[in-house]
Amino acid sequence: MKDNNCIFCKLANGEIPTATIYEDEDFRVILDANPAAKGHALILPKEHYANLYELDDELAGKSMILAKKMITKLTKALDCDGYNIVQNNGEAAGQTVFHYHVHMIPRHKDDKVGLGWTMHELTEEEKALKEKQIADLKASIERRKKLLANENYVSKAPAALVEKERLTLASEIEALELLEK
Ligand code: 5GP
Ligand code: ZN
């Protein structure tokens, strides 16, 4: 169904001409009128759905597959370094046009495109939990390092077990780096 009062219905169905970069029977992909970055595009279904809650399951899947196809091509065409896929639902979430759409925003390393949210400040409880996770991880890393430095253990334990300890150690170190960021 179309909604006669909806601008995106008109754009998606070509009633109002607009810069179109792709079209098939279900969707039209257009350039955003107020781009966050050069090449910022929108996937619009031709039928009217206000948001993802309302969107037909099959079209929801198709819109993400189309996003994948588009950004794969556009990353090469625009020579960008990455893409943000953004999809807002409801005024509280920043939706301003109430016809489902997927934003595709090309990104370049060190560009100044801001997507407008800040990480929330951790509560005291969350901070304490994080500190405990860090301390536990550090202790576990030390224990595992000692174990793997023990020639006796390494030569006698089954090779698969030693390998598993090494892999666990590597992922613990990675997790610690992420937590300490
Ligand atoms: P939302 O905030 O609803 O997720 O995004 C709406 C987007 O639609 C905005 O990025 C805005 O720039 C874009 N937009 C609004 N009106 C028009 C229009 O008439 N033509 C085009 N091409 N983009 C529009
Ligand atoms: Zn519409």
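Conventions used here
Residues numbered from 1 in each chain as written. Chains lettered and ligands numbered in written order. Predicted model: local features only at pLDDT ≥ 70, side-chain atom pairs only at ≥ 80, totals over all residues. Near = placed C-beta within 6 Å. Helix = DSSP H or I, 4+ residues; strand = E, 2+ residues; numbered from the N terminus. Nonpolar A, V, L, I, M, F, W, Y, C, P; charged D, E, K, R; others polar. Buried ≥ 20, exposed ≤ 12 C-beta atoms within 10 Å, placed from the backbone. Pairing = 2+ DSSP bridges. Axes fitted to C-alpha atoms, helices over the stretch in contact; angles between N-to-C directions. Contact = placed C-beta atoms within 7 Å.

Let us now look at the site of ligand 1. Taken together, the neighbourhood of ligand 1 is formed by 13 residues, with A33, N34, N88, T96 and V97 sitting nearest. Where the shell around ligand 1 is concerned, the elements lending two or more residues are helix 1 (7-12) and strand 2 (27-31). The class makeup of the residues in the shell around ligand 1 is 6 nonpolar, 6 polar and 1 charged.

The next point concerns unusual backbone geometry. Positive phi, close to 55 degrees, is recorded for D79, a residue that is not glycine. Secondary-structure assignment places D79 in the loop between helix 2 (57-78) and strand 4 (82-86). Here D110, not a glycine, exhibits a phi torsion of approximately 65 degrees, which is positive. Position of D110 among the secondary structure elements: in the loop between strand 5 (102-107) and helix 3 (124-149). Accessibility expressed as a C-beta count within 10 Å gives 6 for D110, which makes it exposed.

This part takes up the sheet that holds strand 1 (residues 20-23). The 5 strands are arranged 1-2-3-5-4 in an open sheet whose pairing can be described as antiparallel. With one partner strand each, in any of the chains shown, strand 1 and strand 4 form the two edges of the open sheet. Within the sheet, the average angular offset between the axes of one strand and its neighbour, ignoring direction, is 20 degrees. Two strands pair when backbone bridges link them, and strand 2 and strand 3 (residues 41-45) are joined in this way by 5 bridges, in the antiparallel orientation. Counterpart to F27 in the pairing with strand 3 is P45. Strands strand 1, strand 2, strand 3, strand 4 and strand 5 of the sheet are contacted by helix 2, whose axis makes an angle of about 20 degrees with strand 5.

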